[in-house]
Amino acid sequence: MVRFGAMTRAVEDSNRRLLRARDAMDLAYGQPLDIPSLARIAFMSQAHFIRAFRAAFGETPHRYLQRRRIERAMYLLRRTDRNVTDVCFDVGFTSLGTFSRTFLEVVGEAPSVYRLREPVVGVPTCFAMAWGRPSTFGEASGRRGG
Amino acid sequence: MLDSLRISQIYVLDQDKALDFYVGTLGLEVNTDQDLGFMRFLTVNVPGEPDRQILLEKPGAPLMDAAAADEVRDLLTKGRTGGHLFFTTKDCRATYDELRAKGVEFTQEPTEQPYGIDFGLRDPFGNHIRVAQLAAVAGRAG
């Protein structure tokens, strides 16, 4: 414990700050979030924040936020009858073109097509959020196969 | 066969800080706080529910070698150990406001769900907690 202690305390502290920034994305995905503000939450420089986030969570903060927004869009498309443009802005995208392109890339089909097919999931929302969030690995191709 | 679920466990980095948070902030009560020599056996429960306890366990010796404990601590602070806790409340928004005034870190604001209304929060170490005000479910008491 003594041998590992000092180094791991620094890692734990860094982890926890990165998690705080990630939680901020989960919480405030509908608002304009940018790397400078997220890096401030983590008390890191922007470049270090991006590197450290990727090392801790396996993807860049930008990608994480994109997946969070797409996952919320999937939820709104399933659960509400808000139109695709409204959903796009609800989840924090500022351009319908970027939203549609990102949705297609991540989910493997267009928002309007997804809405017609996806079944309702009746489990606690955090599991639906965590497990329903499109993977960053393989994503669209794997989903089409299933 | 089995009668009840009596103790569930989560990892914490520091048991005193865990008490501050789970008792001081969330309002749980201490069930057992006993120094067994090889470990501090520390459990808390929702007031009035002593038969369902949460063990606040610190990873380390003699159960774990230092390297394994470091791995657990690394995962815990990244929010990756699982062990989610799900609480219920009669008034979700009032509870949220009270916890916000105490400076709790949230992962989701109170949100309407098919099963009621709930919100998410983090403990100081990285554990994930949800608090729900459940909608009445047909055919089920409470």
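These figures come from a predicted structure and were not determined experimentally.

Novice: Is there a simple way to explain the interface of chain B and chain A in this structure?
Specialist: Where interface size is quoted, it is often the accessible area lost as the parts come together. Tallying the contact residues gives 28 residues for chain B and 18 residues for chain A. For the side of chain B that touches chain A, the residue count by class is eight nonpolar, 11 polar and nine charged.

Novice: Hey, could you run me through the nonpolar core in this one?
Specialist: The tendency in soluble globular proteins is for nonpolar side chains to be buried as a group. Residue and element names in this part refer to chain A. Residues Leu18, Leu38 and Ala73 are the most contacted members of the largest nonpolar core, which totals 28 residues. Those elements giving two or more residues to this core turn out to be helix H1 (2-27), helix H2 (35-41), helix H3 (46-57), helix H4 (61-79), helix H5 (84-90) and helix H6 (96-107). If you tally residues by element for this core, the top one is H4, at six residues. Dropping the residues within four chain positions of it, Leu38 is found in contact with Ala21, Ala24, Leu33, Phe49 and Pro61.

Novice: Explain unusual backbone geometry to me, please; I cannot follow it from the model alone.
Specialist: Peptide bonds are trans in most cases, and residues, glycine excluded, mostly fall at negative phi. In this model, Ala61(B) is joined to Pro62(B) through a cis peptide bond whose omega is 0 degrees. Checked against the element boundaries, Pro62(B) lands in the loop between strand S4 (53-57) and helix H2 (66-77). Of note in this structure, Phe43(A) is not a glycine but carries a positive phi near 55 degrees. Residue placement: Phe43(A) occurs in the loop between H2 and H3.

Novice: Just checking my understanding: could you explain the environment of Thr80(A) for this structure?
Specialist: Examined against the element boundaries, Thr80(A) turns out to sit in the loop between H4 and H5. For Thr80(A), a count of 12 C-beta atoms within 10 Å puts it in the exposed group.

Novice: Even after reading the chapter, I still don't get the environment of Thr88(B), so can you show me in this structure?
Specialist: Residues and elements named next belong to chain B. Tracing the chain through its elements places Thr88 in strand S5 (residues 85-88). With 45 residues separating them in the primary sequence, Thr88 and Gln133 have C-alpha atoms 5.6 Å apart. Setting aside chain neighbours within four positions, we find Thr88 in contact with Ala132, Gln133 and Leu134.

Novice: Got a minute to help me understand the sheet that holds S4(B) in this structure?
Specialist: Sheets are built from strands that pair by backbone hydrogen bonding, the pairs being arranged parallel or antiparallel. All names here are of chain B. A sheet is described by the order of its strands in space; here four strands give the open sequence S1-S4-S3-S2, paired in mixed fashion. On the outer flanks of this sheet lie strand S1 (7-11) and strand S2 (29-35), each paired with one strand and no other. Across the sheet, the mean angle from the axis of one strand to that of its neighbour is 25 degrees, orientation sign disregarded. Pairing of S2 with strand S3 (residues 40-45), which is carried by six bridges, proceeds in the antiparallel orientation. Among the inter-strand pairings, Glu29 is bridged to a residue of S3, identified as Asn45.

Novice: Before we go on, may I ask you to explain helix H1 (residues 15-25) of chain B in this structure?
Specialist: Given 3.6 residues to a turn, an α-helix orients residues that are three or four positions apart in the same direction. All names here are of chain B. Among the residues of H1, those classed as buried are Ala18, Phe21 and Tyr22. Buried residues of H1, seen end-on, are gathered within an arc of 80 degrees and therefore sit on one face of the element. Seen from the open side of H1, the exposed residues pointing more than 90 degrees away from its buried face are Asp16, Asp20 and Gly24. Contacts made by the buried residues of H1 are with S3 and S4. Two residues or fewer after H1 comes Gly27, characterised by a positive phi angle close to 85 degrees.

Novice: Explain the environment of Thr77(B) here, please?
Specialist: Residue and element names in this part refer to chain B. As for its placement among the helices and strands, Thr77 is situated in helix H2. A residue is classified by how many C-beta atoms lie within 10 Å of it, and Thr77, with 24 of them, is buried. When the C-alpha atoms of Thr77 and Phe125 are compared, they prove to be 5.6 Å apart, with 48 residues separating the residues in sequence.

Rules behind the numbers
- Residues numbered from 1 in each chain as written.
- Chains lettered and ligands numbered in written order.
- Predicted model: local features only at pLDDT ≥ 70, side-chain atom pairs only at ≥ 80, totals over all residues.
- Contact = placed C-beta atoms within 7 Å.
- Nonpolar A, V, L, I, M, F, W, Y, C, P; charged D, E, K, R; others polar.
- Core = buried A, V, L, I, M, F, W, Y, C linked by C-beta atoms within 7 Å.
- Buried ≥ 20, exposed ≤ 12 C-beta atoms within 10 Å, placed from the backbone.
- Helix = DSSP H or I, 4+ residues; strand = E, 2+ residues; numbered from the N terminus.
- Pairing = 2+ DSSP bridges.
- Axes fitted to C-alpha atoms, helices over the stretch in contact; angles between N-to-C directions.
- Arc of directions from axis to C-beta.

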